[in-house]
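So the chains spell out like this:
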Amino acid sequence: MEETRNQVNRPKPANNKKIKNHSPEIAFQLDLNACSKHGDLKGAIALYEKATSSQNLRLNLQHVNSLLYICSNSVSDPSLKESAVQFGFCVYDRLLSSKIDPNEATITAVARLAAASGEGDRAFALVKSMRDLGVIPRLRTYDPALYWFCNNSEPHKAYEVEKHMAVTGITPEEPELAALLRVSAEAGIEERVYEYLHKLRKCVRSVGEGTAKAIEDWFQGERASEVGNANYDHVLLKDSILKNGGGFHGLGWIGKGKWTVRRGNVDEFGVCGCCGETLACADIDDLETERFADSVASLAMEREAKANFGEFQEWLKEHTHYQAIVDAANISLYQQNFADGGFCVSQLDAVVKELCNRSGGKWPLVVLHNKRLRALQENPTHRRLLEEWVHKGVLYLTPNGSNDDWYWLYAAVKLRCFLVTNDEMRDHIFELIGSEFFLKWKERHQVRYTFTKGCPVLLMPPPFSRVTQESENGSWHVPISDGKNEETAITWLCITRPNCSQAFDGKNGAKSVAVTGKRKERSPSPSHRHSER
């Protein structure tokens with residue numbers, strides 16, 4: 001009992017953990033963080049007034065940005081808006097008088113306050129002042145001024161904001177483009193509406209519901225029915241579509257009359273359920289193709305022996321007839337990760353013959369690394385096959401020490417044809433200039449494959465592209481995202497007018513410009529030919 005009593009009455013050991021004594025600046029920041037977390041504007045104002053009355057606190061940029069952040073987030077509450085704006089400007093003036101240089105976050109928050117107080121010009125002036133301060137703006141910095149001008153029917157000032165964005169290398173995204181389209185439509189500035197439709201086409205694969213509504217409002221309006229050219233050059237339109245890679249011509253509004261705007265579906269073959277038009281498979285345009293090919297060649301030259309790759313480039317200039325390029329290693333090693341697996345030439349031969357059959361007897365180009373040659377020649381059957389391919393001009397052997405990836409990729413881009421491989425080319429995506437159009441190119445040109453009971457099954461590119469399309473007859477088709485997965489847009493805006501249907505059904509040519517591996521030829525897609533057999 002005595003021992004137990006002593007244990008109970010024994011003093012607790014002293015806590016050796018030191019109590020943190022924060023400086024006034026750190027303590028103030030921690031309190032501001034709590035106000036920011038809970039959206040407590042009144043608490044932040046009280047903290048500021050108490051802190052600034054003390055001679056011990058030195059206000060710094062982080063304090064100011066925290067206060068401005070709280071203010072800019074409070075303007076959406078009508079009961080707090082006025083005090084948030086007044087207090088925010090007061091804090092900003094204090095910052096300037098203290099000779100503290102603002103940063104991007106500072107200017108963005110003050111621009112939001114200016115826009116909230118109805119001062120769009122001031123919000124834009126703040127952005128323009130950043131150059132003298134040596135501060136680089138971001139897209140969010142421009143948004144307050146841009147949205148204020150768009151929401152207050154001042155399109156030309158909104159265009160000035162966009163122009164300034166371009167000078168500083170900032171690219172608007174869907175919300176900004178939708179706002180610019182909407183204000184242009186409301187003002188009846190048809191050339192700007194047309195411009196922003198195409199910018200949206202390049203920016204996103206499918207539009208959100210808000211953007212779709214803005215597009216519908218324009219086409220259903222009176223001004224849209226008045227614009228357009230009924231006497232257009234069909235040959236020029238087709239040539240422009242081919243040059244652009246399919247899916248749009250970019251020459252302005254086509255036709256006259258009232259538009260019919262519907263929502264519907266497009267089937268697996270690209271046929272619109274509303275108007276019956278077949279959508280195109282859009283490729284990268286001629287300029288992008290040349291840039292892409294040049295970027296591949298430039299990177300290959302850095303990593304390969306220049307003489308070797310240069311020799312391949314010269315060879316390719318004399319052999320431009322191929323419609324498909326085959327990644328031999330990828331196909332031959334497909335599912336060979338088992339005990340007796342290895343370089344399976346029979347798989348490669350099967351794919352080559354399937355491609356030849358599909359293209360009416362035109363052989364593909366097989367790109368094979370030279371290191372594989374000796375082992376293959378030891379097998380009489382394989383040797384005879386290689387000799388046949390060499391005789392028919394099917395085979396190109398990349399030299400020792402090279403990476404055959406650069407060869408088959410360059411050939412497919414330069415010749416604008418299909419590339420048969422399951423390689424995802426992720427390494428190339430991170431290195432290549434212009435990865436955005438690289439992804440678009442992959443969708444259009446990469447042919448994946450599998451094997452069923454030893455027979456190759458080629459998974460051709462989709463017969464149409466899920467992107468905004470402007471056809472040669474003047475109609476528009478716009479995919480609408482479901483908000484979950486942009487690739488599975490199941491609803492389309494179908495926008496036509498009477499002369500669109502006449503062009504679609506009349507003597508002016510096909511329903512759409514179809515695109516295949518050889519973009520130069522634009523023959524029906526092999527996937528379609530195969531399905532028609």
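Quick caveat: nothing in here was measured; it's all calculated off a predicted structure.

What counts and what doesn't
- Residues numbered from 1 in each chain as written.
- Predicted model: local features only at pLDDT ≥ 70, side-chain atom pairs only at ≥ 80, totals over all residues.
- Heavy atoms only, no water.
- Helix = DSSP H or I, 4+ residues; strand = E, 2+ residues; numbered from the N terminus.
- Buried < 20%, exposed > 50% of the residue type's maximum accessible area, 1.4 Å probe, protein only.
- Contact = heavy atoms within 4.5 Å.
- Salt bridge = Lys/Arg side-chain N within 4 Å of Asp/Glu carboxyl O.
- Axes fitted to C-alpha atoms, helices over the stretch in contact; angles between N-to-C directions.
- Parallel < 35°, antiparallel > 145°, perpendicular 65-115°, else oblique.
- Left-handed = near helix turned anticlockwise from the far one by under 90°.
- Nonpolar A, V, L, I, M, F, W, Y, C, P; charged D, E, K, R; others polar.
- Polar contact = N/O pair within 3.5 Å; in protein donor to acceptor, adjacent residues only side chain to side chain.
- Pairing = 2+ DSSP bridges.
- Phe/Tyr/Trp six-rings, centres within 6.5 Å; stacked < 30°, edge-to-face > 60°.
- Lys NZ or Arg CZ within 6 Å of the ring centre and 35° of its normal.

A. The overall build of the protein, seen in detail. Tallying secondary structure elements over the protein gives 26 helices and ten strands in all. For the protein, with 533 residues in total, the buried portion stands at 49%. For the protein, contacts bridging at least 24 residues in sequence account for 71% of all contacts bridging at least 6.

B. Structural view of the pattern of salt bridges. Using the criterion set out here, one finds 23 salt bridges in the structure. Residue arginine 223 is joined to glutamate 190 by a salt bridge in which the shortest nitrogen-to-oxygen separation is 2.8 Å. You can see arginine 223 sitting in helix H14 (residues 222-226) and its partner glutamate 190 sitting in helix H12 (residues 190-203), a full 33 residues away along the chain. The exposure class assigned to arginine 223 is partly exposed, which follows from its relative accessible area of 32%. For the salt bridge of arginine 223 with glutamate 226, the shortest nitrogen-to-oxygen distance reads 3.1 Å. Of this pair, arginine 223 and glutamate 226 are both found in helix H14, three residues apart, which corresponds to roughly one turn of the helix. Three or more residues joined by partner-sharing salt bridges are found here, namely Glu162, Arg192, Glu195 and Lys199.

C. Just the packing of helix H4 (residues 61-74) against helix H6 (residues 104-116), in detail. In contact at an axis separation of 9 Å, H4 and H6 are set at 30° when each is read in the N-to-C sense. By the criterion of interaxial angle, the relationship of H4 to H6 is roughly parallel. In this structure, H4 meets H6 at a crossing whose hand is left-handed. In this structure, H4 uses Leu61, Asn65, Leu68, Cys71 and Ser72 to contact H6, whose residues at the interface are Ala105, Thr106, Ala109, Val110, Arg112 and Leu113. Residue composition of the contact of H4 with H6, grouped by class: seven nonpolar, three polar and one charged.

D. Focus on the environment of serine 79. Considering the arrangement of structural elements, one finds serine 79 in helix H5 (residues 78-97). Within the structure, serine 79 has its side chain in polar contact with the side chain of aspartate 77 (distance 2.7 Å).

E. Layout of the sheet that holds strand E6 (residues 446-452). Within the open sheet, the six strands sit side by side as E4-E3-E2-E5-E6-E7. Their pairing is mixed. Each end of this open sheet is capped by a strand with a single partner; those strands are strand E4 (395-398) and strand E7 (455-459). Neighbouring strand axes in the sheet, compared pairwise and without regard to direction, differ in orientation by 30° on average. Pairing of E6 with E7, which is carried by five bridges, proceeds in the antiparallel orientation. Each bridged residue has a counterpart across the sheet, and for arginine 448 the counterpart in E7 is leucine 459. Helix H19 (residues 345-358) rests against strand E2 (324-327), strand E3 (365-369), strand E5 (418-420), E6 and E7 of the sheet, and its axis sits at about 55° to E7.

F. Fine view of the side chain of serine 72. Tracing the backbone through its elements, the reader meets serine 72 in helix H4. Residues within four places of serine 72 in sequence aside, it is in contact with Ala109, Arg112 and Leu113.

G. Here's a closer look at the sheet that holds strand E1 (residues 260-264). If you trace the four strands from one edge of the open sheet to the other, you get E1-E10-E9-E8, paired in antiparallel fashion. Strands with a single pairing partner mark the edges of an open sheet, and in this sheet they are E1 and strand E8 (469-470). Bridging between E1 and strand E10 (residues 491-496) involves five bridges; their strand directions are antiparallel. Among the inter-strand pairings, glycine 264 is bridged to a residue of E10, identified as tryptophan 492. Together, E1, strand E9 (476-480) and E10 form the strand contacts of helix H13 (residues 209-220), whose direction differs from that of E1 by roughly 150°.

H. Examining the packing of aromatic side chains more closely. Evaluation of the coordinates by the stated rule reveals 28 aromatic pairs. On the numbers, 6.2 Å between centres and 15° between planes, the contact of phenylalanine 438 with tryptophan 441 is stacked. With a gap of three residues between them, phenylalanine 438 and tryptophan 441 both fall in helix H24 (residues 435-445), about one helical turn apart. Among the aromatic residues, ring-to-ring pairing joins Phe309, Phe312, Trp315, Tyr322, Tyr396, Tyr407 and Tyr410 into one connected group. Taking the ring centre of phenylalanine 124 as reference, the NZ or CZ of lysine 128 above it sits at 4.3 Å. One residue, arginine 201, lies across the ring of phenylalanine 248, its end atom 3.5 Å from the ring centre.

I. How the structure looks around unusual backbone geometry. Not every positive phi belongs to a glycine, and lysine 99 is a case in point at roughly 60°. With respect to the helices, strands and loops of the structure, lysine 99 is situated in the loop between H5 and H6. In this model, arginine 416 sits at a positive phi of 55°, which is unusual for a non-glycine residue. For arginine 416, a relative accessible area of 14% corresponds to the buried category.

J. Looking closely at the packing of helix H2 (residues 24-38) against H4. With their axes 10 Å apart at the nearest point, H2 and H4 run at an angle of 15° to one another. Judged by the angle between their axes, H2 and H4 are roughly parallel. Crossing handedness for the pair H2 and H4: left-handed. Across the interface between the two elements, Glu25, Phe28, Gln29, Leu32, Asn33, Cys35 and Ser36 of H2 pack against Gln62, His63, Ser66, Leu67, Tyr69 and Ile70 of H4. Split by residue class, the contact of H2 with H4 holds six nonpolar, six polar and one charged.

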